There are 4 protein chains.
Amino acid sequence: MSSPSSASDELVQDLVDANHILHHQGIVDAFGHVSVRHDGDASRFLLARNMAPARVQATDILEYEVATGEPVLPNPPRLYLERTIHSEIYKARPDVMAVVHNHSPAVLPFCIARGARLKPVCHMAGFLGGADAPDGPVLFEIRDHAGPGSDLLIRNRELGAALARRLGDSRVVLMRGHGCTVVAPSLPVAVFRAVYTEVNAKLLLQTLPLGEVNALTPEEADATRISNEGQAARPWDLWREQARRARRE
Amino acid sequence: MSSPSSASDELVQDLVDANHILHHQGIVDAFGHVSVRHDGDASRFLLARNMAPARVQATDILEYEVATGEPVLPNPPRLYLERTIHSEIYKARPDVMAVVHNHSPAVLPFCIARGARLKPVCHMAGFLGGADAPDGPVLFEIRDHAGPGSDLLIRNRELGAALARRLGDSRVVLMRGHGCTVVAPSLPVAVFRAVYTEVNAKLLLQTLPLGEVNALTPEEADATRISNEGQAARPWDLWREQARRARRE
Amino acid sequence: MSSPSSASDELVQDLVDANHILHHQGIVDAFGHVSVRHDGDASRFLLARNMAPARVQATDILEYEVATGEPVLPNPPRLYLERTIHSEIYKARPDVMAVVHNHSPAVLPFCIARGARLKPVCHMAGFLGGADAPDGPVLFEIRDHAGPGSDLLIRNRELGAALARRLGDSRVVLMRGHGCTVVAPSLPVAVFRAVYTEVNAKLLLQTLPLGEVNALTPEEADATRISNEGQAARPWDLWREQARRARRE
Amino acid sequence: MSSPSSASDELVQDLVDANHILHHQGIVDAFGHVSVRHDGDASRFLLARNMAPARVQATDILEYEVATGEPVLPNPPRLYLERTIHSEIYKARPDVMAVVHNHSPAVLPFCIARGARLKPVCHMAGFLGGADAPDGPVLFEIRDHAGPGSDLLIRNRELGAALARRLGDSRVVLMRGHGCTVVAPSLPVAVFRAVYTEVNAKLLLQTLPLGEVNALTPEEADATRISNEGQAARPWDLWREQARRARRE
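Residues numbered from 1 in each chain as written. Chains lettered and ligands numbered in written order. Predicted model: local features only at pLDDT ≥ 70, side-chain atom pairs only at ≥ 80, totals over all residues. Heavy atoms only, no water.

Caption draft 1: Region of the structure containing the interface of chain D and chain C. Taken together, the 31 residues of chain D in the interface contact 41 residues of chain C. Summed over both sides, the interface between chain D and chain C buries roughly 3100 Å², with carbon and sulfur atoms accounting for 54% of that surface. For the pair chain D and chain C, the interface holds five salt bridges. The salt bridge involving Arg 247 of chain C is made with Glu 241 of chain D; its shortest N-O contact spans 3.7 Å. On inspection of chain D and its partner chain C, the count reaches 19 residue pairs in polar contact (both at pLDDT 80 or more). When residues of the side of chain D that touches chain C are traced back to their parent elements, those giving at least two are helix 5 (187–207), helix 6 (218–229) and helix 7 (233–246) of chain D. Among the elements that take part in the side of chain D that touches chain C, helix 7 of chain D stands out by supplying seven residues, more than any other. (Contact = heavy atoms within 4.5 Å. Buried area = accessible area lost by both parts, 1.4 Å probe. Salt bridge = Lys/Arg side-chain N within 4 Å of Asp/Glu carboxyl O. Polar contact = N/O pair within 3.5 Å; in protein donor to acceptor, adjacent residues only side chain to side chain. Helix = DSSP H or I, 4+ residues; strand = E, 2+ residues; numbered from the N terminus.)

Caption draft 2: Region of the structure containing the interface of chain A and chain B. The partner chain B presents 31 residues to the 41 residues of chain A that form the contact. For the pair chain A and chain B, the summed buried surface comes to about 3100 Å²; carbon and sulfur atoms form 54% of the total. Three residues, Phe 31, Ile 112 and Arg 114 of chain A, lead the burial of chain A against chain B; their summed loss comes to 22% of the area buried on that side. Where chain A touches chain B, the interface holds five salt bridges.

Caption draft 3: Quick peek at the relation of the copies chain A and chain B. Overlaying chain A on chain B yields an RMSD of 0.0 Å, the required transformation being a rotation through 90° with an accompanying axial translation of 0.0 Å. The operation mapping one copy onto its partner corresponds to a four-fold rotation axis. Distance from the rotation axis, computed per C-alpha, reaches its smallest value in chain A at Pro 209 of chain A: 5.5 Å. (Least-squares fit on C-alpha atoms with pLDDT ≥ 70 in both.)

Caption draft 4: Quick peek at the state of the cysteines. Evaluated as defined, the whole model comprises zero disulfides over all chains. The cysteine Cys 111 of chain C is free of any disulfide, with Cys 180 of chain C supplying the nearest cysteine sulfur at 6.5 Å. Looking at Cys 111 of chain C, the relative accessible area reads 1%, which means it is buried. In this structure Cys 122 of chain D is not part of a disulfide, and its nearest cysteine sulfur, from Cys 111 of chain C, lies 10 Å away. (Disulfide = S-S within 2.5 Å. Buried < 20%, exposed > 50% of the residue type's maximum accessible area, 1.4 Å probe, protein only.)

Caption draft 5: Representation of the nonpolar core in the model. Judged by nonpolar contacts, the single largest core of 352 residues is most densely connected at Phe 110 of chain A, Phe 110 of chain B, Phe 110 of chain C together with Phe 110 of chain D. Leaving out residues up to four positions away in the same chain, Phe 110 of chain C has contacts with Ala 116, Arg 117, Leu 118, Leu 139, Leu 174, Ala 201, Leu 204 and Leu 205 of chain C together with Leu 210 of chain D. (Core = buried A, V, L, I, M, F, W, Y, C linked by side-chain atoms within 4.5 Å.)

Caption draft 6: Region of interest: the sheet that holds strand 5 (residues 138–140) of chain D. Residue and element names in this part refer to chain D. Here we have seven strands laid out as an open sheet, ordered 3-2-1-4-7-6-5, and mixed in their pairing. With one partner strand each, in any of the chains shown, strand 3 (61–65) and strand 5 form the two edges of the open sheet. Neighbouring strand axes in the sheet, compared pairwise and without regard to direction, differ in orientation by 25° on average. For strand 1 (residues 33–37) and strand 4 (residues 98–102), the ladder comprises four bridges, and the chain directions are antiparallel. Looking at strand 4, one finds that Val 34 is bridged to Val 100. Along the sheet face, helix 4 (residues 157–167) touches strand 5, strand 6 (172–175) and strand 7 (179–184) and points at about 170° away from the line of strand 5. (Pairing = 2+ DSSP bridges. Axes fitted to C-alpha atoms, helices over the stretch in contact; angles between N-to-C directions.)

Caption draft 7: Representation of the packing of aromatic side chains within the structure. For the structure on display, the rule yields 24 aromatic pairs over all chains. Here the aromatic rings of Phe 127 of chain C and Phe 192 of chain C are separated by 6.3 Å at their centres, their planes lie at 65°, and the arrangement is edge-to-face. Of this pair, Phe 127 of chain C sits in the loop between strand 4 (98–102) and strand 5 (138–140) while Phe 192 of chain C sits in helix 5 (residues 187–207), and the two are 65 residues apart along the sequence. Comparing Phe 127 of chain C with Phe 192 of chain C shows no difference in burial state: the two are buried. Taken together, the ring pairs in this structure connect Phe 31 of chain A together with Phe 127, Phe 192, Tyr 196 and Trp 239 of chain B into an aromatic cluster. (Phe/Tyr/Trp six-rings, centres within 6.5 Å; stacked < 30°, edge-to-face > 60°.)

Caption draft 8: Representation of the confidence of the model for chain A. Per-chain confidence: chain A averages 96 in pLDDT, with 98% of residues scoring 70 or above. Here the complex is predicted with pTM 0.97, and the ipTM for its interfaces comes to 0.96. (pLDDT = per-residue confidence, 0-100.)

Caption draft 9: Spotlight on the pairing of strand 2 (residues 44–48) of chain A. Residues and elements named next belong to chain A. Of all the five residues making up strand 2, five are buried; the element is thus mostly covered by neighbouring parts of the structure. Counting the residues that bridge the hairpin from strand 1 (residues 33–37) to strand 2 gives six residues. Across five bridges, strand 2 lies against strand 3 (residues 61–65) in antiparallel orientation. The residue bridging Leu 46 from the neighbouring strand is Glu 63, located in strand 3.

So, in structure tokens, the structure goes:
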């Protein structure tokens, strides 16, 4: 079999930072995970072992096979149960370089209320809509795939593949009673999208009692997404500094 | 009379940590308390003297008799008025190894609004429902036991026993105008359940204005509870690290 | 004229701590103030000079005359514009030993929405109701006293006296578009009541969308108030420790 | 061409502090910006280069021409895309000495819900209303100027001028799906107004479910604005101390 490829130190450090940022920004608590595609081998991705994101260090990062969602090295430590969320999306979407799965608190209501739609309502969150998601992210109902008595977890490749199909060509998929999964062409943009999905959800929760929502048009959503992606280094630099300071590094 | 039994140092330290975690996570303020059954004598339990949980140290932990809710040693310091919440539940429920009583802020609305039900709506909080609590935790109305002019406190064994009966075989009981009591087979799981009761309550408060709630089925609730209990060390390790850091230990 | 009386060092330190606690607990921001009646001369009270409560030190505390709301010493520094809130209440209520005035964020909605009532809904906030305030605190509408174009401030003795009359024998008075004023028989109880007025307001704001509110009966409110006042040292000790830590003292 | 004028060190330091205060108070995140008119040359203003406000230092402050919104020095670093918000307002309003643009989280709902009005409801936020804004700030709808497919950004002088016209003689203008812009006769008052715009928005969001809003009259709004502006040093001193402490300076 293949010997382990070696991702760049910079990518590993970015993934550690991404874990800490997502925790510091309130996007993950003790649960949730973030991965990045290997920068030297597109058939692999990097993801921590089973642990709280806030505590991840470089030595906790493992390499996984996109084909199977299984780790490259034998005798791994305890792994995340839901690692096929990542592997199946990398398989279905060659353009995706990073994946965040979380239980983002303001997003969950849109995963619980029947028929609710998380439309983009501010210019920082245009990526939620656009021509390929005109009403905002779609919902993945696991009952359609695992029946009425599952533990709601994406426990195997079949469920991971079903989630990836539901995501389609968009950037965010909601998961009923569970959370969401966010994808992007880079780790900073994935973190950006995960944070602003939460921001937009908070805004929408507060706006709905005020009256009719004036959401972004699909054209506005696409235009703002393109503008914002050119600015992703700005929040990344700030959030990394804040997260490192919070950990006293 | 019996000489004091001696619980393990590890259990005492875990109880100190549980006090600090519950405060750091916003589940208790200056009020509320957490106990654990003695690991060497099932007829006793450990609980702090009357003080804010955030300030509890190992020397503040006392042993109590399950039979009476009274401390083992004579001449105790000032005690929590509501210690029979703990003793009567340990008496009625041999499976219970830890008890948390709190005034969890997002849970209280479900203890105040007539007819409101705290159904499990996310997979982290399946323990709120399941086959033995299909609509979520039941409410204990103290007026039914202490009349219309009480101070709402569980001041004696009779009220503690009535609360334990209302809890039945479930894991959480709401207390009208007061808070809730959470039980579990271990201290980490009790803390986990107390935190995610609050998380689920926040989610439900935010979801209700959006439309019809798609709660977990009883089968999903039971399945997620079993899955999550196998993961309880993950949040416990994180929260303990955070609480210790916050206290600069 | 009279030479300055000398309050105890302990009382001055308690007032400094009360200022810092109220800020740390989010009850005051840069505005709001807390006073205490002089422990050696009931015709005087202690209150800081014009500054943010979080920054008050012992040397910023001045003595004022209850009769006039004016400072004892000549050539004072800049003073709070609304010091007659304090003086007129001490004059009208010999039982009152401490007064907090604030713009408590969750309380304000009950000072803005026409007809809203801040009923006590949890056992920590029984002081809001009881036999002498069966529907919760009353509202002071300054338009009834200063006309439709005032700056809403209690700028003089007449307005202070009108506010004191509206307070009557109760413990909290709401002020339209402005905030509230809380009184108590001691500084720790005044701080306790100011904090739990905010807590109860938050609870009620979250409960109202859920359905009909099951408030404390007047008998429950009075009973819980008496029970809680016996516990006021517990939160005071915690909050003081937290506020001092936050200031790195 | 002109050689660079030199603003006072004090003004530069105040602008650095204003950046940090706005971040610490939650008014800006990684985005948003604050400027001040040059204190030695009214045809220029000071604004940071393109970066998160929390990270701005004195060396990041650049001088810009009011006439064009372009920097005075050649070969500048990367600039904020929306700097004509500032330049066009300074041009249209000689009385304005400081401008804040932000995506203030509680204000956004009033920029999203059709027809919602951010009326002043507490005495700290009278500046939102008054004789020249009797129903609160007006909304700038960028679709009226840039069509239905823009990225919502104020990218050029024409859009900046349109925004300045919509602001008129008032103090705050809302921007649909985007945020708001706040102006003032000094930097401390601009920061004050930006913070209390957010405070008032939070209050109004919480009040609307309670019933009919009793807003300030235009006369009350003008009177409270005048009173509060005399107190602007109090919050400025506190917030600066807090922001500096948070950055460990």
